[in-house]
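Descriptive analysis of the structure
In case you want the letters, here they are:
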Amino acid sequence: TLREMQRPHSVINGWNSAVGVGFFMRKFGERTIIEHGGSCPGYQTQASIDPKQGIGGVALINAGGVRPSDVINKMFDVLNYFFQIYHLHLDIYLY
């Protein structure tokens, strides 16, 4: 199942990151981020979700010197800040 694929099967660095089946998991602050990415010369991608918060994002990059995970981390920070400032709950935006 998808849930089984997203479960840690191999833990790295005392659970700073882990490997599932086709997915990677990592700690980002208090969050556990589930992600998958890839690259070929000149392009990098990453899809990440925070299942507890119900948010996710995709970074598509065609520039050197930029890591997709940095873009995703900033996106999560901005979304969490927005929802805290306006006292909104993510579940009302999910369909």
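Quick notes on the rules
- Residues numbered from 1 in each chain as written.
- Predicted model: local features only at pLDDT ≥ 70, side-chain atom pairs only at ≥ 80, totals over all residues.
- Heavy atoms only, no water.
- Pairing = 2+ DSSP bridges.
- Helix = DSSP H or I, 4+ residues; strand = E, 2+ residues; numbered from the N terminus.
- Axes fitted to C-alpha atoms, helices over the stretch in contact; angles between N-to-C directions.
- Contact = heavy atoms within 4.5 Å.
- Core = buried A, V, L, I, M, F, W, Y, C linked by side-chain atoms within 4.5 Å.
- Buried < 20%, exposed > 50% of the residue type's maximum accessible area, 1.4 Å probe, protein only.
- Polar contact = N/O pair within 3.5 Å; in protein donor to acceptor, adjacent residues only side chain to side chain.
- 1 Å grid on protein atoms, 1.4 Å probe; cavity = no way out; pocket = protein on both sides within 12 Å on 5 of 7 lines; lining within 4 Å.
- Points joined across faces, edges and corners; volume = space filled by probe spheres on them.
- Nonpolar A, V, L, I, M, F, W, Y, C, P; charged D, E, K, R; others polar.

Time to look at the sheet that holds strand β5 (residues 43-50). Read from one edge to the other, the open sheet built from six strands follows the order β1-β2-β3-β4-β5-β6, with strand pairing classed as antiparallel. Both edges of this open sheet fall to β1 (10-12) and β6 (55-61), since each of them pairs with a single strand only. Going from strand to strand, the sheet's axes swing by 25° on average, the running direction of each strand aside. Inspection of the sheet shows strand β4 (residues 31-40) paired to β5 by seven bridges, in the antiparallel sense. Looking across to β5, one finds that His 36 is bridged to Ala 47. On top of the sheet, helix α2 (residues 68-85) reaches β3 (24-28), β4, β5 and β6; it is set at about 145° to β6, its chief contact.

Within the largest apolar cluster, six residues are counted, these being Phe 28, Ile 33, Ile 55, Ala 59, Ile 72 and Phe 76. Those elements giving two or more residues to this core turn out to be β6 and α2. Contacts of Ala 59, omitting those with residues within four sequence positions, involve Gln 44, Thr 45, Gln 46, Pro 68, Val 71 and Ile 72.

Glancing now at the environment of Val 58. With respect to the helices and strands, Val 58 occurs in strand β6. Take Val 58: its relative accessible area is 59%, and that puts it in the exposed class. Sequence separation between Val 58 and Asp 77 is 19 residues, and the spatial gap between their C-alpha atoms is 14 Å. Sequence-distant contacts of Val 58, that is, excluding residues within four places in its chain, are made with Gln 46, Ala 47 and Ile 72.

Our next topic: the side chain of Glu 35. Its location among the elements puts Glu 35 in strand β4. Side chain to side chain, Glu 35 and Ser 48 meet in a polar contact 3.1 Å long.

This brings us to the layout of surface pockets. When its volume is computed, the largest pocket comes out at roughly 250 Å³. Among the elements that line the lining of the largest pocket, the one with the most residues is β4, at three residues. Of the residues that constitute the lining of the largest pocket, the class distribution is five nonpolar, three polar and six charged.

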